[in-house]
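Spelled out, the chains give:
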Amino acid sequence: MTMRTYDAASAVEEIEGARSGRRPRYLPTEKIRVLEVENFPQLGKIAALRFLEWAKKNPGGVVSLPTGKTPEHFIRWVRHLLEKWETPEVQRILAGYAIDGAARPEMRSLHFVQIDEFYPMNALQQNSFHHYVSEYYIKGFGLDPANALLMDATSLGLLPGATMEEVFPKNIVDLTLRVRQTRSELERIQKDVINRVDMFCMEYETRIRELGGIGFFLGGIGPDGHIAFNVRGSSVFSVTRLTGTNYETQAAAASDLGGIEIARNRLVLTIGLATITFNPSAAVIIMAAGDAKASVIRAAIEETKHQQYPASVLQDMPHAFFYVTRGAASQLTQRRLEDFLRLPSVPEEAADDAVIALSLAKNKPLLELTESEFRSDPFTNRLLSTGPFRAHAEGARERIVAKIERGLENISGTHFLHTEPHHDDVMLGYLAYIYHLVRDPGKRHSFANLTSGFTAVSNDYCSSIVGKLERHLAGDAFQTLLRDGYFSAKNDVARMEDVYLYLDGAAAKSEERKDEAEARRLLRNVVAVYGTSDMKALRLKIRDLDLYLTSQYPGAKDPPDVQTIKGTLREWEVELLWAYFGIEATAVHPLRLGFYQGDIFSEEPEVGRDVLPIQELLRKIKPTIVSVAFDPEGSGPDTHYKVLQAVAEAIRRYQQEGGAPEMRVWGYRNVWYRFRPAEADIMVPVSLNTLSLLHTAFMNCFGSQRAASFPSYEHDGPFSELAQMIQVDQYAMIKTCLGKEFFQKHVHPRLRAARGMIFLKDMSLSEFYEKVRALKKLIEARP
């Protein structure tokens, strides 16, 4: 076994580092070098240039590349550079990073190592990592399949003629069989299979080391800080193995596998931390984009090497680098301070950030902070040059109080257009506020669901609704309703009757009424999607739908008709929700924007397909306030960002034609990211009553989400519980800043009753456009 010494010197990193204006490491806090770039596509571009630079210097080297959405722009840029290598444009790019453009890298000479895979997993499935690397790397980069070390888990460990379904029913693999006695013939077979898989892993590891170890590793980082599938707690000496994962990793994988129910029981094959770090001359790069990754990035880079921070193992690698966007680097201590100290003058929001952070760190109200405490913190110490500490503390307090007062104001004569990328985004963001707003008949409310949301509907849930419909079709009642035109797309009265029947059932705790209402609505949707009212044809379509849902592997991309059916289930749920408040379905507008198609790398919004429908809705309802999901770069589903850009462009066009003279835009966040107190302009107190309403309404109305099949990695349960937790945490922050007496002794009953807090961002159109432009700059820069 020969250890190969790779050439890891990089002009790309030196040049891009100089352009960033940052040092590679800020000692003593940073223990791994960091390269900050402007945006997510630039991250992919620099990683692509570094990869090709390394490949030219190290022909025949061993490379290991990531799967998922993180490498989207890396893949695009590598293919673009290779395909257009001899063009003047690419030659200029290469020269700009001191890469010899005379000849392409010898891609077929490279050895490729697959990082990880689910087990069991059919390699032919499009959601397998084997399929991903075969499509995007082996085929896409022109690598030699003969030089690829892959994890084909289709029949791994099985004897000839056996199937995974027979050996591991429901794909459940019990790793305790490694060490305990078997209790049945099936367990004996399973134990033998596990032993053969373990032997495969040992041989896989041996093969990597015989090749000299991985020379170029590019990976992402998971919500718990994992690299490959080395989750929090993995040994720094871990090697290639079959292992389980933790909840955070399972939640992140739920969308790939078709639901958390499947992800919980699915094991993984993964190379180990010691596999990645085996060759000390390797170039090891971790990519991360967005504010949501900032905390795990900080832990990996600044904390002492520890198994709780898997990526911290890279602190010992001389050529390790974190490639991160500004958002992902936003919690790195000395970089934050450098940015703060560089400000020619400290804006009010930044000053409030610093003072509020000090209040929370000291766990004492703003007005109880002392001058010595201000001086002990480098951020608040800077503020002392612009005024006494008391003035800064009082100013921050006054602004928080003013934001709360805005949250209590009665806004009359307003027409709201509440927009949401997914059907539960508004309710999870600010349902408690709507609860108060709808009490005033002088306000009008319209809702726009901007995507169909079909990816959040599992096959099992959809199949359960199909089963309810099939049971009802066995009788005569639905056939009579069909003949009477009840299921006609133009029958809005009957459409609302579905809703009222369900809510009556919820109130009476009658599962029979709720089941009938769901069956009625599904039949209505099937009639609309397939364009027929012929009962024989409908029965065939329903049978085919049931067959598809029960036979298709979870996580597969659905055909368009099934996508639409699943989307209509989400639209039904949101009609139920707003009917809670007496709002009829005619005020709920499902726009089903076309960019949302369920692909791993989704399309960008187009004006004709995605912007004009929103513009037409603006013309129709003439809102005075439009709400938008307003997440920062790389945080939450990328659907949120794409919807935001489509809404912004529609408002801009609407304004240009004379609409929206006084329009305001409210930004909201929910379970994917939070506003800082200093960022928010409106703070709405939330009582225990409305916190309870949030959860009960969610569980009653959002049947597809009740089981939390596609949950957040932050909470093992439905989104409504996480939204409650966030609002309670936000209240706790404000209570610390203002002191508990502010709430307990306040003259307003809603403040005395407050146990949660909603944060909103209020913007004029010019402010909104500016923030959207800044966000667009952070996210878009494609080859």
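Since this is a predicted model, take the numbers as computed values, not measurements.

1. Observations concerning the overall build of the protein chain
The helix and strand tally for the protein chain stands at 31 helices and 17 strands. Taking 2.2 N^0.38 as the reference for a compact globule, 783 residues should give roughly 28 Å; the C-alpha atoms of the protein chain span a radius of gyration of 28 Å, in line with that estimate. Each of the three principal axes of the protein chain carries a C-alpha extent, and together these read 80 × 80 × 60 Å. If you take every contact in the protein chain between residues at least 6 apart in sequence, the share linking residues at least 24 apart comes to 79%. Surface accessibility of the protein chain: about 31,400 Å² in total, with carbon and sulfur atoms responsible for 52%. Between the mean site of the 94 positive side-chain charges and the mean site of the 100 negative ones, the protein chain shows a separation of 2 Å.

2. A few points about the pairing of strand S17 (residues 754-764)
Most of S17 is tucked away, with ten of its eleven residues classed as buried. Inspection of the sheet shows strand S15 (residues 664-668) paired to S17 by five bridges, in the antiparallel sense. Bridge pairing in S17 links Trp666 to Asp762.

3. Some remarks on the sheet that holds strand S5 (residues 148-149)
Judged by pairing direction, the sheet is parallel, and its seven strands sit side by side in the order S1-S10-S9-S6-S2-S3-S5 without closing on themselves. Strands at the two margins of the open sheet, each flanked by one partner only, are strand S1 (33-37) and S5. Direction of pairing for strand S2 (residues 62-64) relative to strand S6 (residues 216-219): parallel, over a ladder of two bridges. Following the sheet pairing, Ser64 is matched in S6 by Phe217.

4. Describing the packing of aromatic side chains
A ring pair, where both rings are aromatic, is described by two values, the distance of the centres and the angle of the planes. Following the criterion strictly, the structure yields 34 aromatic pairs and no others. Here Trp54 and Phe216 contribute two aromatic rings whose centre-to-centre distance is 5.6 Å and whose plane-to-plane angle is 50°, an arrangement assigned as tilted. Taken together, the positions of Trp54 in helix H2 (residues 40-57) and Phe216 in strand S6 put the pair 162 residues apart, joining distant regions of the chain. Phe216 matches Trp54 in its accessibility class, with the two residues each being buried. With a centroid separation of 5.6 Å and 50° between ring planes, the pair formed by Phe118 and Phe229 is classed as tilted. Highlighted residues: Phe118 in strand S4 (residues 116-119) and Phe229 in the loop between S6 and strand S7 (241-243), separated in sequence by 111 residues. Summarising the burial analysis for this pair, Phe118 and Phe229 share the class buried. A network of ring pairs unites the aromatic residues Tyr6, Phe51, Trp54, Phe74, Phe112, Tyr132, Tyr136, Tyr137, Phe141 and Phe216 as a single cluster.

5. Some remarks on the side chain of Asp558
In this structure, Asp558 sits in the loop between helix H22 (535-551) and helix H23 (560-579). Separated by 2.9 Å, the side chains of Asp558 and Lys566 make a polar contact. Non-local contacts of Asp558, meaning those with residues more than four positions away in its chain, are made with Asn459, Tyr548, Gln563 and Lys566.

6. Thoughts on the sheet that holds strand S8 (residues 267-270)
One open sheet holds the three strands; their spatial order is S4-S8-S7, and the pairing between them is antiparallel. Each edge of the open sheet is held by one strand with a lone partner, namely S4 and S7. Here the strands of the sheet are splayed against their neighbours by 25° on average, with no regard to which way each runs. Here S7 pairs with S8 via three bridges, running antiparallel. The residue of S8 that forms the bridge with Leu242 is Leu269. Relative to S7, helix H7 (residues 185-210) is tilted by about 135°, and along the sheet it contacts S4, S7 and S8.

7. Remarks on the pattern of salt bridges
If you walk through the whole model with that rule in mind, you get 62 salt bridges. A network of salt bridges, in which partner residues are shared, links Arg22, Glu30, Glu36, Arg326, Arg335, Glu338, Asp339 and Arg342.

8. Let's talk about the pairing of S15
Here S15 lies mainly inside the structure; four of its five residues are buried. Of the pairings in the sheet, the one linking strand S14 (residues 625-629) to S15 comprises five bridges and is parallel in character. Within S15, the position partnered with Val626 by the bridge is Val665.

9. Quick look at the environment of Asn363
Considering the arrangement of structural elements, one finds Asn363 in the loop between helix H13 (348-362) and helix H14 (371-376). Since its relative accessible area comes to 61%, Asn363 is described here as exposed. When the C-alpha positions of Asn363 and Phe595 are compared, they lie 46 Å apart, and in sequence the two are 232 residues distant.

About the cut-offs
Residues numbered from 1 in each chain as written. Predicted model: local features only at pLDDT ≥ 70, side-chain atom pairs only at ≥ 80, totals over all residues. Heavy atoms only, no water. Helix = DSSP H or I, 4+ residues; strand = E, 2+ residues; numbered from the N terminus. Rg over C-alpha atoms; globule rule 2.2 N^0.38 Å. Contact = heavy atoms within 4.5 Å. Areas by Shrake-Rupley, 256 points an atom, 1.4 Å probe, with all protein chains shown as cover. Lys, Arg positive; Asp, Glu negative; His and termini not counted. Charge placed at Lys NZ, Arg CZ, Asp CG, Glu CD. Buried < 20%, exposed > 50% of the residue type's maximum accessible area, 1.4 Å probe, protein only. Pairing = 2+ DSSP bridges. Phe/Tyr/Trp six-rings, centres within 6.5 Å; stacked < 30°, edge-to-face > 60°. Polar contact = N/O pair within 3.5 Å; in protein donor to acceptor, adjacent residues only side chain to side chain. Axes fitted to C-alpha atoms, helices over the stretch in contact; angles between N-to-C directions. Salt bridge = Lys/Arg side-chain N within 4 Å of Asp/Glu carboxyl O.

Spatial relationships are all this shows, so hold off on functional conclusions.
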